[in-house]
Amino acid sequence: MSNSKLLAGKTALITGSSKGIGFKMVESFASAGADVIACVRSSSDSLQQHFDFLAQTHEVRVNMLCFDLMNEDEIKQAMHGLHLSKTRVDILVNNAGTMTSALLGMTSIESFKSTFQVNFFAQVQITQYISKLMMRQRNGAIINIGSIAGLDNFSGYSAYGSSKAALMQFTRILSNELASYGIRVNTIAPALVDTPMAEKMGVKAAEGIFSRSAIKRITKPQEIAEIAVFLASDNASIINGQVIRADGGM
Amino acid sequence: MNNVEKYEKVFCECFEISSSQLKGLKYQEVVAWDSVGHMAMISALEEAFDIMMETDDIIDLSSYEKGLDILMKKYNVKF
């Protein structure tokens with residue numbers, strides 16, 4: 001099998017596919033030969049055209065699945081739809097996320113809750129459904145997108161960092177629970193990635209983060225997407241329960 | 001194979017017990033029906049009846065009889 005078709009014959013479900021890392025992941029997974037279920041909050045013609053283009057270019061299927069991670073019922077309906085359509089899912093990438101940045105005293109409890117809903121509870125709910133499909137298949141790879149903010153101590157990221165830390169510990173525990181079913185669970189913990197989310201931080205804050213890394217530059221979404229492709233592939237068959245720092249050396 | 005037979009088969013195979021042991025069987029009464037065995041049994045039930053069970057129902061399925069009740073009432077499985 002050529003290196004470029006590492007994921008031929010597999011189907012990947014990727015959340016947060018409309019922009020940033022997820023948008024690039026759809027491209028990388030399709031390029032690696034995987035059919036992709038691209039999960040987005042809402043569809044658009046331009047997004048559909050892009051996914052159609054990727055499908056045609058890489059001779060795979062790229063199907064858009066719309067649901068809101070803030071809404072448990074929508075998640076449930078979307079997952080039931082996959083079951084009813086007998087869709088096989090070999091790879092789950094819990095990529096979608098939201099970021100809030102403010103000092104603790106300026107972060108409302110509602111902000112904590114909504115951040116945790118998107119970055120943690122929604123990912124847990126999706127994983128509950130998809131891991132059961134994978135258990136039946138006795139095979140699967142789950143990749144969670146964490147953050148160095150969940151590992152290191154950046155002021156102003158108590159909500160975001162805590163939610164990512166929860167997701168990363170979830171990874172470690174799940175990797176143990178699901179290993180006997182042939183399911184691997186890993187996390188990628190990026191530093192600052194060149195995405196719309198990073199733009200919201202402002203130049204000064206962004207420079208402060210990536211100046212700490214040995215490489216001293218912002219991460220490209222493609223670089224995270226390629227790590228995810230590797231972790232999803234059989235080439236990573238012995239890697240389980242890990243948090244892979246993708247931070248340029250911090 | 002009818003649905004009762006399918007249901008019994010799942011229990012017998014997952015927990016390595018005979019059908020004579022099924023009546024009144026409760027969670028953790030046999031060694032194999034621990035939490036890991038429970039999830040394996042849920043996976044087998046989902047496959048046997050082509051359903052996707054909700055987490056609340058997975059937690060509630062605490063006995064052989066309770067499982068029959070949940071499958072009938074929540075997932076329209078006819079026994």
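So, here's what we can say about the structure. Every value quoted in this text rests on a predicted model; they were computed, and no experiment measured them.

Side note on the interface of chain B and chain A
For step 1, the next point in the chain: Chain B puts five residues into the contact, and the matching count from chain A is seven residues.
For step 2, the next point in the chain: With three residues, helix α2 (residues 35-49) of chain B is the largest single contributor of residues to the side of chain B that touches chain A.
For step 3, the next point in the chain: Among the residues forming the side of chain B that touches chain A, the class breakdown is one nonpolar, two polar and two charged.

A short note on unusual backbone geometry
Most of the time, phi is negative for any residue but glycine, and the peptide bond is trans.
For step 1, the next point in the chain: In this model, K86 of chain A sits at a positive phi of 55°, which is unusual for a non-glycine residue.
For step 2, the next point in the chain: Among the structural elements, K86 of chain A can be located in the loop between α3 (72-84) and β4 (91-94).
For step 3, the next point in the chain: A positive phi angle, near 55°, is found at D50 of chain B, a position not held by glycine.
For step 4, the next point in the chain: Positionally, D50 of chain B belongs in the loop between α2 and α3 (55-60).

So, the pairing of strand β3 (residues 62-66) of chain A
For step 1, the next point in the chain: Bridge count for strand β2 (residues 35-40) of chain A against β3 of chain A is five bridges, and the pairing is parallel. Each residue of the ladder has a partner; that of V40 of chain A, found in β3 of chain A, is C66 of chain A.

Here we look at the sheet that holds β4 of chain A
Residue and element names in this part refer to chain A.
For step 1, the next point in the chain: Here seven strands make up an open sheet; going across it, the order is β3-β2-β1-β4-β5-β6-β7 and the pairing parallel. Edge strands, defined here as strands with exactly one partner in the open sheet, are β3 and β7 (243-246). Ignoring strand direction, the axes of neighbouring strands in this sheet form an average angle of 20°.
For step 2, the next point in the chain: Relative to β4, strand β1 (residues 11-14) runs parallel, the two sharing three bridges. Residue pairing for β4: I14 is matched across the bridge by V93.
For step 3, the next point in the chain: Here helix α2 (residues 45-58) sits on the sheet in contact with β2 and β3, set at roughly 150° to β3.

Examining the pairing of β4 of chain A
All names here are of chain A.
For step 1, the next point in the chain: The two faces of β4 match: I91 and V93 on one face and L92 and N94 on the other face are all buried.
For step 2, the next point in the chain: In the sheet, β4 pairs with strand β5 (residues 140-145) via four bridges, with the strands oriented parallel. When the bridges of β5 are listed, I91 appears paired with A141.
For step 3, the next point in the chain: In terms of handedness, the path from β4 via helix α4 (residues 109-137) over to β5 forms a crossover that is right-handed.

Thoughts on the nonpolar core
For step 1, the next point in the chain: Within the largest apolar cluster, 70 residues are counted, with the highest numbers of intra-cluster contacts made by A12, I14, V26, F29, V36, A38 and A228 of chain A.
For step 2, the next point in the chain: Broken down by element, the residue count for this core peaks at eight residues, all from α4 of chain A.
For step 3, the next point in the chain: Excluding residues within four positions of it along the chain, A12 of chain A makes contact with L7, F29, A34, V36, D90, I91, V93 and A232 of chain A.
For step 4, the next point in the chain: By size, the runner-up hydrophobic cluster in this structure holds eleven residues, among which are Y7, V10, F11 and W33 of chain B.

Brief notes about the packing of helix α1 (residues 3-15) of chain B against α2 of chain B
All names here are of chain B.
For step 1, the next point in the chain: Remark: α1 packs on α2, axes separated minimally by 10 Å, with the N-to-C direction vectors making an angle of 150°. Considered as vectors, α1 and α2 are oriented roughly antiparallel to each other. Note on packing geometry: the crossing formed by α1 with α2 is right-handed. For the pair formed by α1 and α2, the contact residues are K6, V10, F11, C14 and F15 on the first element and G37, A40, M41, A44, L45 and A48 on the second.
For step 2, the next point in the chain: Counted by class, the contact of α1 with α2 contains nine nonpolar, one polar and one charged residues.

Calculation criteria
- Residues numbered from 1 in each chain as written.
- Chains lettered and ligands numbered in written order.
- Predicted model: local features only at pLDDT ≥ 70, side-chain atom pairs only at ≥ 80, totals over all residues.
- Contact = placed C-beta atoms within 7 Å.
- Helix = DSSP H or I, 4+ residues; strand = E, 2+ residues; numbered from the N terminus.
- Nonpolar A, V, L, I, M, F, W, Y, C, P; charged D, E, K, R; others polar.
- Pairing = 2+ DSSP bridges.
- Axes fitted to C-alpha atoms, helices over the stretch in contact; angles between N-to-C directions.
- Buried ≥ 20, exposed ≤ 12 C-beta atoms within 10 Å, placed from the backbone.
- Right-handed = clockwise from strand over helix to strand, strands pointing away.
- Core = buried A, V, L, I, M, F, W, Y, C linked by C-beta atoms within 7 Å.
- Parallel < 35°, antiparallel > 145°, perpendicular 65-115°, else oblique.
- Left-handed = near helix turned anticlockwise from the far one by under 90°.

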